[in-house]
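# Notes for the structure review
Each chain, letter by letter, is given below.
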Amino acid sequence: MPATIIIGLQWGDEGKGKMVDHLAETVDAVARFSGGANAGHTIEADGHRIALHQLPSGLIRPDKLGIIGSSCVLDPIALSEEMELMEKEGISVADRLTISGKVHLVHPAGRYIENSEETRLGKSAVGTTGRGIGPTYVRKFMRKGIRLEDAAVPEVFLERSAAITDECIEQLGLSAELAGSLREEVEIFNRESIRLVDRAMDVSMVIARILASEGSILAEGAQGSLLDPDHGTYPFVTCSSCVAAAACVSLGIGPVLIDEVVGVMKAYSTRVGNGPFPTELTGSLGDRIREQGNEYGATTGRPRRCGWFDAVLANYTARINGSTWTAITLLDVLSGIPELKVCMKYELDPEIDLSLFETGVRLGKHIPIYETLPGWEEDIKGEREWDALPENARNYVLFIEKLTGVPIRAISTGPAREDLIWRT
Ligand code: IMP
């Protein structure tokens, strides 16, 4: 698999980190292509349990090269902390990380602007992760951002950073105390950005060389397809494209070089932040899934909203990504629930014409029409054999496979690296 892309088919948190860890075993480099410190990929392996936010998850394997693509946004302060955390775990990444010089830096002012905007929106807030992601992309597309390569000329970089700080203080009318805190953060930001500049490279060339020498790469998505600004539940989305096609843009590789697209989805649905979620379970069953699946955000610790599997949305996201196979995660969390529901269509459009499918505000008004499947009692946590799964668990997986039309090749049955079933 010279070039494989892995993406989330729901609203993020599908368990991509674990699948990346598996697929990374046989590649030379793992490249992050979207988002920034808003992501949280938790991996449990070799006695480590690490939540990575900006570093590619594949770096947990000691012999892999890590690449951060140009469509990501980079928080240099958070990245330094993450690299230190890895060092403490005995995993050195210092010599294995390459960052696109074109990556935009998350200036601390972005977080102040975002928090002020979310507060202003009140009930209509997006419920962002508060990591300054939106304002950094706004700045990028207003052609006013700062890129990592800019830090190679420190005098100009410092001048622009100071201008962004002053603009934010004036725009938000920050008190002297808050302005002081922002300036302190900016000093650290400046220092860390300049320290990182030696890592800046043309990642497209790095990848071209790997592929030319018969090597292979894994492009690792962040968030999930339903948070994509074009194809997701706009306006309740993130600000960088998280569908498979975005990997080519971010990493500077042509689409014809991609061999496989792996879609990851949970056996049920979750979402953090606000926005439509037709199959949401707001009662005790939702709470049960949250506790059983430890459904709390890896970045913000927020409780995730939980609900039934939505086949209408999964079918849609499999299509827009062109996924060639699927990994289904957290199947073990459904053990002990007597009946499982799967959303087959929506009441407002019972004969839903998929070519007119909408993911905007109207999605929130759709009432799901479910098919009910029998559950299973047995605890399947850590199961590694397909044939050893209870019949109803196998039927549930096969049912979803049929609805999405994409083969399910891997089934995760627990958080550990080994808790995985491969289907041939
Ligand atoms: P932002 O990306 O921080 O701007 O947040 C926009 C929306 O995307 C919010 O609903 C967040 O909760 C959601 N979001 C961003 N990153 C992730 C992620 O890694 N997992 C799940 N949701 C995310």
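These numbers were taken from a predicted model, which means no experiment stands behind them.

Moving on, we get to the overall build of the protein. The helix and strand inventory of the protein stands at eleven helices and 19 strands. Along the first, second and third principal axes, the C-alpha set of the protein runs to 65 × 50 × 40 Å. Counting across all 424 residues of the protein, residues that qualify as buried make up 57%. Restricting to contacts in the protein with at least 6 residues of sequence separation, those with at least 24 account for 77%.

With 21 residues, helix α6 (residues 176–196) extends 30 Å from end C-alpha to end C-alpha; this agrees with the ideal 30 Å at 1.5 Å per step. Taken together, the buried positions of α6 are A179, L182, V186, F189, N190, E192, S193 and L196.

Tallied over the entire structure, the rule returns 21 salt bridges. A salt bridge links R147 to E149; the shortest N-O distance between them is 3.0 Å. Classification of E149 as partly exposed rests on a relative accessible area of 37%. A salt bridge links R160 to D150; its shortest N-O distance comes to 3.4 Å. One end of the pair, R160, is in helix α5 (residues 154–172); the other, D150, is in the loop between α4 (133–141) and α5, and ten residues separate them in sequence. The structure contains a network of salt bridges with shared partners spanning D13, K266, E295 and R304.

This part is about the packing of helix α3 (residues 108–121) against α6. Across the interface, α3 lies against α6 with an axial gap of 8 Å and an inter-helix angle of 140°. On the basis of their axis angle, the class for α3 and α6 is oblique. Across the interface between the two elements, P108, A109, R111 and Y112 of α3 pack against L178, S181, L182, E185, V186 and F189 of α6. Partitioned by chemical class, the residues of the contact of α3 with α6 number seven nonpolar, one polar and two charged.

On to the site of the ligand, then. Surrounding the ligand, one finds 16 residues, the nearest of these being D13, N38, T129, T238 and R302. Here an oxygen atom of the ligand sits 2.6 Å away from a polar atom, N or O, in the side chain of T129. Between Q223 and the ligand, the recorded distance is 3.2 Å, taken from a side-chain N or O atom to a nitrogen atom. Contact with the protein chains covers 97% of the free accessible surface of the ligand, which is 470 Å². Of the residues in the shell around the ligand, the class split is six nonpolar, eight polar and two charged.

Calculation notes
- Residues numbered from 1 in each chain as written.
- Predicted model: local features only at pLDDT ≥ 70, side-chain atom pairs only at ≥ 80, totals over all residues.
- Heavy atoms only, no water.
- Helix = DSSP H or I, 4+ residues; strand = E, 2+ residues; numbered from the N terminus.
- Buried < 20%, exposed > 50% of the residue type's maximum accessible area, 1.4 Å probe, protein only.
- Contact = heavy atoms within 4.5 Å.
- Expected span 1.5 Å × (residues − 1).
- Salt bridge = Lys/Arg side-chain N within 4 Å of Asp/Glu carboxyl O.
- Axes fitted to C-alpha atoms, helices over the stretch in contact; angles between N-to-C directions.
- Parallel < 35°, antiparallel > 145°, perpendicular 65-115°, else oblique.
- Nonpolar A, V, L, I, M, F, W, Y, C, P; charged D, E, K, R; others polar.
- Near = heavy atom within 4 Å.
- Polar contact = N/O pair within 3.5 Å; in protein donor to acceptor, adjacent residues only side chain to side chain.
- Areas by Shrake-Rupley, 256 points an atom, 1.4 Å probe, with all protein chains shown as cover.

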